[in-house]
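Structure at a glance
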Amino acid sequence: MFQVSHIHHIAIICSNYEVSKHFYSHILGFPIIRETYREARHSYKLDLAVSDNQQIELFSFPSPPARPSRPEAQGLRHLAFAVKDLAACIHHLNSQGVSTEDIRLDELTGKHFTFFADPDGLPLELYEE
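So, here is what we can say about the structure in this document. (Residues numbered from 1 in each chain as written. Predicted model: local features only at pLDDT ≥ 70, side-chain atom pairs only at ≥ 80, totals over all residues. Heavy atoms only, no water.)

Examining the overall build of the protein
Put simply, the rule is: Numbering goes from the N terminus for both helices and strands, where a helix is a DSSP run of H or I of at least four residues and a strand is a run of E of at least two. Only the C-alpha atoms count toward the radius of gyration. The rule for a globule is 2.2 Å times the residue count to the power 0.38. Only protein chains enter the calculation, and the probe is 1.4 Å; a residue is then buried if its accessible area is under 20% of its type maximum, exposed if over 50%, and partly exposed in between. Contact definition: two residues touch when any of their heavy atoms are within 4.5 Å. Surface exposure here means Shrake-Rupley accessible area, sampled with a 1.4 Å probe, where a residue is shielded only by the protein chains that are shown. Under the counting rule used here, the positive set is Lys and Arg, the negative set is Asp and Glu, and His together with the chain ends is not counted. A charged residue contributes its charge at one atom only: NZ of Lys, CZ of Arg, CG of Asp or CD of Glu.
When you go through the protein residue by residue, the secondary structure sums to two helices and eight strands. N-terminal to C-terminal, the α/β element order of the protein is β-α-β-β-β-β-α-β-β-β. Here the C-alpha atoms of the protein give a radius of gyration of 16 Å, agreeing with the 14 Å that 2.2 N^0.38 yields for 129 residues. Dimensions along the principal axes, computed over C-alpha positions, put the protein at roughly 50 × 45 × 30 Å. The buried share among the 129 residues of the protein stands at 33%. Summarising the internal contacts of the protein: among those between residues at least 6 apart in sequence, 47% fall at separations of at least 24. A total of about 8600 Å² of accessible surface is found on the protein, and carbon and sulfur atoms cover 54% of it. Separation between the mean location of the 11 positive side-chain charges and that of the 17 negative ones in the protein comes to 5 Å.

Below, the structure is given as structure tokens:
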């Protein structure tokens, strides 16, 4: 029987490794598990802890093509992070120069959420638990 226990990781390819490394590790605060430079690929792989059993793998590759975000393209739409205090998270992001959209209400769950973007324009969501 096929049974998944949780999402292990999300892989993200960035255009500027140092900028994205700073964004995910310092602004969003995800602890670095390990950083590996892969000489044969001229590529970094940065493993970041989101929780005890979930990670982000941040990759750099020479000249990756841009990801279409607007209008929304087929495929993965966005990555959402659950947060306890949406207002505090928005304040933190804004204080770090990260713009956030207006807070919205999920009419199906009654929960509040907002969107922002990583340095490459990847849509990210904060969803209040």
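Some remarks on the sheet that holds strand S3 (residues 43-51)
Here is the rule: For two strands to be treated as a pair, DSSP must find no fewer than two bridges joining them. Under this scheme, a helix contributes an axis fitted over its contacting stretch, all axes are lines through C-alpha atoms, and angles between N-to-C directions fall in the 0 to 180 degree range.
Reading across from one edge, S1-S4-S3-S2 is the order of the four strands in this open sheet, with mixed pairing throughout. Edge positions in the sheet fall to strand S1 (9-14) and strand S2 (32-38), since each has one partner strand and no second. Averaged over all neighbouring strand pairs, the angle between strand axes comes to 20°, with direction disregarded. Note that S2 and S3 share six bridges and pair antiparallel. The residue of S3 that forms the bridge with Glu 35 is Leu 46. Helix H1 (residues 17-27) rests against S1, S2, S3 and strand S4 (54-60) of the sheet, and its axis sits at about 165° to S4.

Considering the packing of aromatic side chains
Note the cut-off: Aromatic rings from Phe, Tyr and Trp, taking only the six-membered ring of Trp, are treated as a pair when their centres fall within 6.5 Å; an angle between ring planes under 30 degrees marks them as stacked, one over 60 as edge-to-face, and anything in between as tilted.
Per the counting criterion, the structure on display carries eight aromatic pairs. Taking 4.4 Å as the distance between ring centres and 10° as the angle between the ring planes, the aromatic pair formed by Tyr 17 and Tyr 44 counts as stacked. Of this pair, Tyr 17 sits in helix H1 while Tyr 44 sits in strand S3; the two residues are 27 residues apart in sequence, bridging distant segments of the chain. An aromatic cluster of three or more residues is present, and its members are Tyr 17, Tyr 37 and Tyr 44.

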